Amino acid sequence: MKLTARDVPPRSAWSLEQAGVHPLLARLFAARGIQAMEELDDSPARLLPPSDLLGAKEAAILLADAISQGQRLCIVADYDCDGATACAVGLRGLRMLGAQPHQLSYVVPDRAVHGYGLTPPIVDLVQAQRADVLITVDNGMASHEAVRLARSRGMRVVITDHHLPVVLDNGEVSLPEADVIVNPNQPGCPFASKALVGVGVMFYILLAMRAELRQRGAFDASNQPRIDALLDLVALGTIADVGRLDTNNRRLVAQGLKRIRAGRMQAGMAALYAAAGRDPSRATSQDFGFAIGPRVNAAGRLAEMGLGIECLLTDDPVRAQTLAQQLDAINRERRDLESGMREHAESLLESLMPEGDPPPALTLFDPDFHEGIVGIVASRLKDRLHRPTFVFALGQDGFLKGSGRSIPGFHLRDALDLISKRHPGLLRKFGGHAAAAGCTIAEEDIDTFEEALARIAHDGLDASLLARQLATDGPLDAQWFTPETVAQLDAAVWGPGFDAPVFSDHVEVLGQRLVGERHLKLSLRVQGQVRDGIWFGRTEPLPAQAQLAFRLNLDEFQGRQRVQMVVEGAAD
């Protein structure tokens, strides 16, 4: 691993510090592109206006008219945390804006039975709900056939999504023939935040609806529905979907965290925090990514995402607790399955690396792999070997369902698009983002897919991109090794595109021992001071001297707090 220090523009750091920002935070923020205090203002008034989001006003008019006319609205969700939170936000928000319970319903695909997104069988389920309006959340941009079917049956279709649209062989963008499409990544949308995830798009549609109903005289600014009460769910979905934390997304997440810390959250959120053993009064964005989000996602991976959605919808604390405990149990099962699959996948890797070096891209399949876990295993292998990785499982329909994760510099969805053009018919379905994507292929085509992905990776990835690099914030001055500093770091919003602080320094290893058989407990001398450290998942001993990358956390034992260095890597 190569450790690189982030560049800190001195003028930006000085300006932030002069404006009252903590000196360490001023340095960290400046290194992440913050130049002025205004960019750190996370008040709701600073959010981008919904009027900038193409289609939001049209969707607001259509939905407001449908509600006033007593029509039925059905949300088609996705089976990940973004889809679940988007569904819950949509249903809760529509209720706030006047929809009656009998007017609202939702359908969520079963991963194993229906596959991803809006499909003709899902349209059948929506029709069975007697819906007049079909609303997708976090899906729909590639659902041309299903949209045509729904409209032919008399339904109006509103697509709310954030995924990239389909691009034809001639380079033209192909959009479904929906009544309205709301997606910041559709052509011609001026919305400045292209990183908005599915739940964020739904939240913005609700803001546009509220403005439309206010204009119609349904209420005024003094007694309008508090759509901001849903920001805890928006924050969860944004982080769980690995949405890039641009300025607008940081504001959405910051507002959600403030609500949770103040105890003003949905009953399901509170129950999930309890099930995860986390303290909501000290909520961080890391909670969403590593504790709350995985429990919601587990339902879509191994069971049925309706459990997760119902947990986020209920206002009954007792029911919320019961559902959260079920999700926690499913998540434990998911961890056990993941562990076994990962070990099996790692054994398969040996055949791909006869000389010890991994190929430029990895493709793995085994008949025993579980379809709901392939994305997690792909992510773990990608992290370990620093290679674009696809893991496939056999679906109930007889096709292989693959989930991929990528490294910086290799756009996975574009790679799939190139494969589809070079090998027409190979990919039955595909979609995704730069860092994560999925596809469906026939089992007999796995070797062709593997060769095609490896060829594209070979052509597109040079040695510098294949070398593992970790950007750090350099040494941490001894004065900042305090619980107060850790609290200030934890209070900030960190995530993709606004990475959590990782420091680096030369250390002397004074002592090391294994704890829990899997983790290396360390005693380190840093800048003349002895510090506690731990390297999770590391069993090999360290040399007497090392250059380590680390973050800070608080190790609490018997009521005492000690600052601990959590090692993220070591320089080669």
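Remember, predicted model here, so these are calculated numbers, not experimental data.

**A short note on the nonpolar core**
Soluble globular proteins tend to pack their nonpolar side chains together in the buried interior.
For step 1, the next point in the chain: By size, the foremost hydrophobic cluster in this structure holds 121 residues, and its most contacted members are Phe29, Leu73, Leu94, Met269, Phe288 and Leu548.
For step 2, the next point in the chain: Here the element with the most residues in this core is helix H8 (residues 198–215); it accounts for eleven residues.

**Points about the environment of Gly200**
For step 1, the next point in the chain: Along the chain, Gly200 turns up in helix H8.
For step 2, the next point in the chain: Sequence separation between Gly200 and Thr238 is 38 residues; the distance between their C-alpha atoms is 7.2 Å.

**Focus on the packing of aromatic side chains**
For step 1, the next point in the chain: Per the stated rule, a full pass over the model turns up ten aromatic pairs.
For step 2, the next point in the chain: Between Phe392 and Phe449, the aromatic rings sit 5.1 Å apart at their centres with planes inclined by 80°, giving edge-to-face as the arrangement. Separated by 57 residues along the polypeptide, Phe392 in strand S10 (residues 389–394) and Phe449 in helix H17 (residues 446–460) bring together distant segments of the chain. By the burial criterion, Phe392 is buried, and Phe449 matches it.
For step 3, the next point in the chain: Through successive ring pairs, a cluster of aromatic residues spans Phe29, Trp494 and Phe498.
For step 4, the next point in the chain: Across the ring face of Phe498, the terminal group of Arg250 is positioned such that the distance to the ring centre comes to 4.2 Å.
For step 5, the next point in the chain: Over the ring of Phe481 we find Arg531; its NZ or CZ atom is 4.1 Å from the centre of that ring.

**Here's the deal with the sheet that holds strand S11 (residues 400–405)**
For step 1, the next point in the chain: With mixed pairing, five strands are arranged side by side in an open sheet as S9-S10-S11-S13-S12. Each of the sheet's edge strands pairs with one partner strand only, and the pair in question is strand S9 (362–365) and strand S12 (429–432). Across the sheet, the mean angle from the axis of one strand to that of its neighbour is 15°, orientation sign disregarded.
For step 2, the next point in the chain: For S12 and strand S13 (residues 436–441), the ladder comprises four bridges, and the chain directions are antiparallel. Bridging from a neighbouring strand, Lys429 pairs with Thr440 of S13.
For step 3, the next point in the chain: Contacts from helix H16 (residues 412–422) reach S10, S11, S12 and S13, with the element oriented near 155° to S12.
For step 4, the next point in the chain: Running at roughly 165° to S9, H17 makes contact with S9, S10, S11 and S13 of the sheet.

**A closer look at helix H12 (residues 285–302)**
For step 1, the next point in the chain: The terminal C-alpha atoms of H12, which comprises 18 residues, lie 25 Å apart, in line with the 26 Å expected from a rise of 1.5 Å per residue.
For step 2, the next point in the chain: Of all the bends in H12, the greatest, near 50°, is centred on Gly293, and the proline Pro294 appears no more than four residues after it.
For step 3, the next point in the chain: Of all the 18 residues making up H12, 14 are buried; the element is thus mostly covered by neighbouring parts of the structure.

**Observations regarding unusual backbone geometry**
For step 1, the next point in the chain: Unusually for a residue other than glycine, Asp138 sits at a positive phi of about 65°.
For step 2, the next point in the chain: In this fold, Asp138 is placed in the loop between strand S4 (133–137) and helix H7 (144–152).
For step 3, the next point in the chain: Among the residues examined, Asp138 registers a relative accessible area of 1% and is labelled buried.
For step 4, the next point in the chain: The phi torsion at Glu517 lies on the positive side, around 65°, for a residue other than glycine.
For step 5, the next point in the chain: Positionally, Glu517 belongs in the loop between strand S15 (503–515) and strand S16 (519–526).

**With respect to the pairing of strand S19 (residues 560–570)**
Regular strands place their side chains on alternate faces of the sheet.
For step 1, the next point in the chain: Sheet topology places strand S17 (residues 529–535) next to S19; three bridges connect them, and they run parallel. Opposite Asp532, over in S19, you have Gln564 as the bridge partner.
For step 2, the next point in the chain: Two elements, strand S18 (residues 545–557) and S19, share ten bridges in a ladder whose sense is antiparallel. Opposite Ala549, over in S19, you have Gly569 as the bridge partner.
For step 3, the next point in the chain: Joining the antiparallel neighbours S18 and S19 is a turn of two residues, in which Gln558 adopts a positive phi near 50°.

**Observations concerning the side chain of Gln103**
For step 1, the next point in the chain: By the element assignment, Gln103 lies in the loop between helix H4 (81–96) and strand S3 (104–107).
For step 2, the next point in the chain: Those residues in contact with Gln103 that lie beyond four places of it in its chain are Ala66, Ile67, Gly70, Gln71, Arg72, Leu73 and Gly98.

**Side note on the sheet that holds S18**
For step 1, the next point in the chain: Read around the closed barrel, the five strands follow the order S15-S16-S17-S19-S18; overall the barrel is mixed. Within this sheet the neighbouring strands show an average axis-to-axis angle of 45°, counted without direction.
For step 2, the next point in the chain: Of the pairings in the sheet, the one linking S15 to S16 comprises seven bridges and is antiparallel in character. From the neighbouring strand, Leu514 faces S16, where its bridge partner is Leu520.
For step 3, the next point in the chain: Of the strands in this sheet, S15, S18 and S19 touch helix H19 (residues 483–491), which is tilted by about 90° from S18.

Conventions used here
- Residues numbered from 1 in each chain as written.
- Predicted model: local features only at pLDDT ≥ 70, side-chain atom pairs only at ≥ 80, totals over all residues.
- Heavy atoms only, no water.
- Core = buried A, V, L, I, M, F, W, Y, C linked by side-chain atoms within 4.5 Å.
- Buried < 20%, exposed > 50% of the residue type's maximum accessible area, 1.4 Å probe, protein only.
- Helix = DSSP H or I, 4+ residues; strand = E, 2+ residues; numbered from the N terminus.
- Phe/Tyr/Trp six-rings, centres within 6.5 Å; stacked < 30°, edge-to-face > 60°.
- Lys NZ or Arg CZ within 6 Å of the ring centre and 35° of its normal.
- Pairing = 2+ DSSP bridges.
- Axes fitted to C-alpha atoms, helices over the stretch in contact; angles between N-to-C directions.
- Contact = heavy atoms within 4.5 Å.
- Expected span 1.5 Å × (residues − 1).
- Bend = angle between axes of the 7 residues up to and from the residue.

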